[in-house]
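What the coordinates show
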Amino acid sequence: MSDFTTYHALAEENGKKTVPPTINVPEQPATPLTHSAAEAPKTAGYAPPQAYPLSVGSPGVAPPRSAGFPSNAYNLQHANMPQGQLPAGILSPYPHGFMSPQQGQFTPTSPSPIGSLDAQMNNLNVGGTTRKKKDRHAYHTLDQGTGSSQAFNGIPQGSTNPSEFLNASPMPSPFLSQPVTPAMNQFPAAAGTFVSATKGRTGAATVDTSGTSGRVDPDQIPSIPRARDQAALHYQTHDYKTMEQHLPPPSSIPYNAIDQGNSSPKYARLTLNNIPHTSEALNSTALPLGLVIQPLAALSSGEQPVPVLDFGERGPPRCSRCRTYVNPFMSFRSGGNKFVCNMCTFPNDVPSDYFAPTDHAGNRIDRDQRPELNQGTVEFLVPKEFWTREPVPMRHVFVIDVTQEAVNRGFLEAFCDGILNALYGEITQEDANEDGSVPEHLRAIPPGSKVAFITYDKEAHFYSCSPGLLQPQMLVMSEMEDPFVPIGSDSLFCDPYESRALITSLLNQLPKIFSAVRNPEPALLPVLDAAMSSLVDTGGKIICSLSALPTWGPGRLFRRDDSKLHGIDTEKKLFQTEHSGWKRTADKMVELGVGVDFFIASPGGVYMDLATIGHISATTGGEVFHFPNWHGPRDNLKLSAEVKHIVTRETGYQAVMKVRCSNGLQISTYQGNFKQQSSVSDLEFGTIDADKTIGVMFSYDGKLDPRLDAHFQCALLYTTASGERRVRCINTVASVSEGGAELMRHVDQDAVVCVIAKEAAMRMTERNLKEIRHSITEKTIDILASYRKGYSSDHPPGQLVLPENLKEFSMFTLGMLKCRAFKAGAEPSDRRTQVMRTIRSGSALTTSLLLYPRIFSLHDLPPTSGFPDPNTEQLVIPAHLRASFSRIQEGGAYLVSDGQTTLIWLHSHVSPALLEDLFGPGFTTLQSLQADLNELPILQTHLNAQARNLLAYWNSHLGSRKQTIQLARQGLDGAEYEFARLLVEDRNAEAQSYVDWLVHVHRGVQMDLAGQRKRGQTAQDKEDGEQTLANLRSMGW
Ligand SMILES: [Zn+2]
């Protein structure tokens, strides 16, 4: 019970492990509900809400249930304190310049008085029982403030460069000379005031910068958390029906989709669900036409699995001209004798054995019985012509680093534990069949799948765990110049359940064995070559750990990163590799159908050349899990959960993907982690899994007919982990128009954000970061300016008009400018590279969370939050908070996650009672908590159950990174910097606040409308003329 199942202990009594998971029912008695007494603490169970003594002042009183609970279970300390006597405590989490979390504990430099914070938060009703009701109105006006705000009123003064805010590094700020609280610099004088505005006529939100007085009301600007919460509430009780509805839910919320012939948005999201008929019409919107495809996406428990269809030796029917697979949008004519292709309109003969007559409406009479004619996503078993070799159940090779660092830092032990947990974690002795075998549903990998184990330092060690052996056998291969596998495939690979005792013994012994050897330098590339050659006949997956820069043998790497290279044009070389050996191995792996996932620990934050090592994953369709400041006691739980996730998630191998689209459109570029032989080739993957996502950008090679729909079909040919060769077809349809309001009503904001982020990430190896940021800014302005010109010319000129479906778009692009990949200021190249590749291959969900985190406050949760509503049986989800320090209350406790890391941030004056309820008896001060805490204990307190339920809710809807918690105690933990970084609405040393950003974007829009907007403003542009940014904007976007 060493991973997330802990969170689920309360809920698993019913045997349910599906989504929505982990719900602790308030009405249940305080009895242990765990399914296994041996695995769960006896304290597991629920205790009804208790009274909490107030931290300061009078003791608490148990709230009478019938009278309703106060929304603040924990009174905040400072609410009871006279202003003048407040202890100094609010510290700026913002460093002067860059400082990474691994640079040690946060040291307070200049505490600021709490009174100012309180003043800043005067509309938050701090310490009160309820928050000010937020304006749910979608229409906003930003009035121009006094002071320096004239600069933002329309055309900027003088020769102000509209992009200087973003490209300056760091941004010039009068506040930089001293530490300030984010709350203090959140809304500088330059910003105007938001007041509620009259409803616009175009279904748009407006931000007015022409007003004259007042101060900013940040509640009035579009809020990502509010948009997510509203949608989440709706989709708790409604399904998304793919033909009846045309605008998918936000990717960041859980929902059930019903496939009505158009694929679920979980598999494919179009940026535009209504497509303009010509290139000119599209260009006039500046919106990208793209498709975000996650072909093996995981489904919710309430959704229908993808049907698998067998058409025997002849395979599924296809268009004889363009090879599109049969799908619900092919029309049958001539009484059912012909089918007309929905892509190319070619009339094909229906094969005689596929014939069925049509009814009076022209539909085949067997349509309802044929999934390929009524489902948007189906899989076809494919005949031998689709094979390059006999498909077999997938093989996994675990390649384990046993060098000195791995042993010393506990990484080796944690990785071995993670593998054991992944393979056997779900199984108890009682589960086994009579003959000792493991029932299929408990296997982590399908029957027939095999595993192998290789360890390495400066030599490689191969193990045989064949069932007949008394103990595992090891063979050493030390010829790194010419690596080979010294052991036969039959000995190397074994069924993990037949050889469970030997594998368990081996993995338990490895840390001890190699603690006596302690080689400091790993030789990675030759070992990968050897692992690849063990898969030469089958293909498969390599799962590799690494804890030191591989400095031994062929392909040895050295420290390339140098802060002198940061911020200059050559920095981009740090994000890619020129090493021919690593490139060659990556290409060869794709050819063989081999993909690699890495678990890389950087003890002490050392450089690992993720650009070069991760190139293998990026090319083969794998993934890198990076622990930038590995600390065993804290990170082992996350490592274990992630190893388990990659072993058990849906994974296919030897994959090829092709996307087809209607006549009139063509594919311009692909975005993601894959191999493409040439710009027109299909995409190849060694492996592809449930989390991998590909962006496809389209351009016009003609016109679309507004009377017809536009169609897209993604065909993924792959071998399943169970050894079947299949094609998964994902069919997507959009309406076509001549542009206009219809188009704007069907824009999918998440897909737009996702393809823009992916495009920016794809360009990181070609353009410098300043240009990338400039392009993101320009694209934001382009889209909003185009909207202003095309759709909202009747608004007063002082208003920034935000399309209804792109209301939060500007905040997402600001999140892009602040994310680790693209942000200004110093950042180790490993961290940038990691986020770059995460964005390239990440889902719309991953991108959405990465750009704007989720935040809950724990200290004022309503009593019903985090428990199922008795009427709907759905978990009651409290409102998520906006990512700004102005929302942080004195004495508060917060859960924050960007989908990569989850923090619990605790204010220095947090109530001792809250700490005890959350962490257990005796934990009454921040100092008493263990710094490396990685999960909440299971306690019989209301708050503890709420927090665990809410964490489980987040975890039920995540990308590939598993979430354990990390403490960020104010004034104590380095993770406080990460917390500050996640407050993306605030100004920091590198970029503007949300308010300033909107004003900045508006100024760009106004310049554009006045015909005064400059384009191509970098030195590079001047050299290259139209070749750079203009192309950068138009090519992909
Ligand atoms: Zn066709």
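Bear in mind the structure is a predicted one, so any value in this text is a computation, not a measurement.

Focus: the overall build of the protein
The secondary structure content of the protein amounts to 27 helices and 32 strands. Within the protein, the fraction of its 1037 residues that count as buried is 62%. When contacts within the protein are restricted to residue pairs at least 6 apart in sequence, those whose partners lie at least 24 apart make up 76%. As displayed, the protein has an accessible area near 37400 Å², and 50% of this comes from carbon and sulfur atoms.

Brief notes about the packing of aromatic side chains
Scanning all chains against the criterion turns up 20 aromatic pairs. When the centroid spacing of 4.7 Å and the interplanar angle of 10 degrees are considered together, the rings of Phe599 and Phe625 count as stacked. A residue pair is termed long-range when its members are at least 10 positions apart, and Phe599 in strand E19 (residues 594–601) and Phe625 in strand E20 (residues 623–627) qualify at 26 residues. In this structure Phe599 comes out as buried when scored by relative accessible area, which is 0%. Connected via pairs of aromatic rings, a cluster forms that spans Phe411, Phe415, Phe599, Phe625, Phe627 and Trp630. The aromatic ring of Tyr255 is capped on one face by Lys266, whose charged end is 4.6 Å from the ring centroid.

Structural notes on the coordination of the zinc ion
Around the zinc ion, the protein supplies Cys319 (SG), Cys322 (SG), Cys341 (SG) and Cys344 (SG) as donor atoms, at distances of 2.2 to 2.3 Å. Every donor counted, the 4 donor atoms about the zinc ion form angles of 103 to 117 degrees at the centre, which fits tetrahedral coordination. All donors of the zinc ion belong to a single chain; written as a sequence motif, their spacing is C-x2-C-x18-C-x2-C. With Cys319 in the loop between strand E9 (308–310) and strand E10 (331–333) and Cys344 in the loop between strand E11 (338–340) and strand E12 (347–349), this pair connects stretches of sequence that are 25 residues apart. Note on Cys319: relative accessible area 0%, which makes it buried. Its relative accessible area of 4% is what places Cys344 among the buried residues.

Description of the nonpolar core
One finds Ile275, Leu287, Met657, Ile694, Phe712, Phe822 and Ile839 to be the most contacted residues of the largest nonpolar core, which totals 100 residues. Residue contributions to this core peak at 9 residues, all from helix H18 (residues 769–791). Residue contacts for Ile275: discarding those within four places in its chain leaves Leu289, Tyr700, Leu704, Ala710, Phe712, Ala734, Ser735, Val736 and Ser737. In terms of nonpolar packing, the next biggest core, distinct from the first, is built from 42 residues, Ile427, Leu442, Leu507 and Ile646 among them.

Observations concerning the sheet that holds strand E25 (residues 694–700)
The 4 strands are arranged E6-E8-E25-E22 in an open sheet whose pairing can be described as antiparallel. Each edge of the sheet is formed by a strand with only one pairing partner; in this case those strands are strand E6 (268–270) and strand E22 (665–671). Mean inter-strand twist for the sheet, computed between neighbouring axes without regard to direction, equals 25 degrees.

Re the environment of Val392
Tracing the chain through its elements places Val392 in the loop between strand E13 (377–381) and strand E14 (395–401). For Val392, a relative accessible area of 24% corresponds to the partly exposed category. In contact with Val392, other than residues within four places in its own chain, are Thr538, Tyr653, Thr719, Thr720 and Gly723.

Rules of the game
Residues numbered from 1 in each chain as written. Predicted model: local features only at pLDDT ≥ 70, side-chain atom pairs only at ≥ 80, totals over all residues. Heavy atoms only, no water. Helix = DSSP H or I, 4+ residues; strand = E, 2+ residues; numbered from the N terminus. Buried < 20%, exposed > 50% of the residue type's maximum accessible area, 1.4 Å probe, protein only. Contact = heavy atoms within 4.5 Å. Areas by Shrake-Rupley, 256 points an atom, 1.4 Å probe, with all protein chains shown as cover. Phe/Tyr/Trp six-rings, centres within 6.5 Å; stacked < 30°, edge-to-face > 60°. Lys NZ or Arg CZ within 6 Å of the ring centre and 35° of its normal. Donors = N, O, S within 2.8 Å, 3.2 Å for Na, K, Ca; no water. Tetrahedral: all angles 85-135°; square planar, octahedral: opposite > 155°, others 65-115°. Core = buried A, V, L, I, M, F, W, Y, C linked by side-chain atoms within 4.5 Å. Pairing = 2+ DSSP bridges. Axes fitted to C-alpha atoms, helices over the stretch in contact; angles between N-to-C directions.

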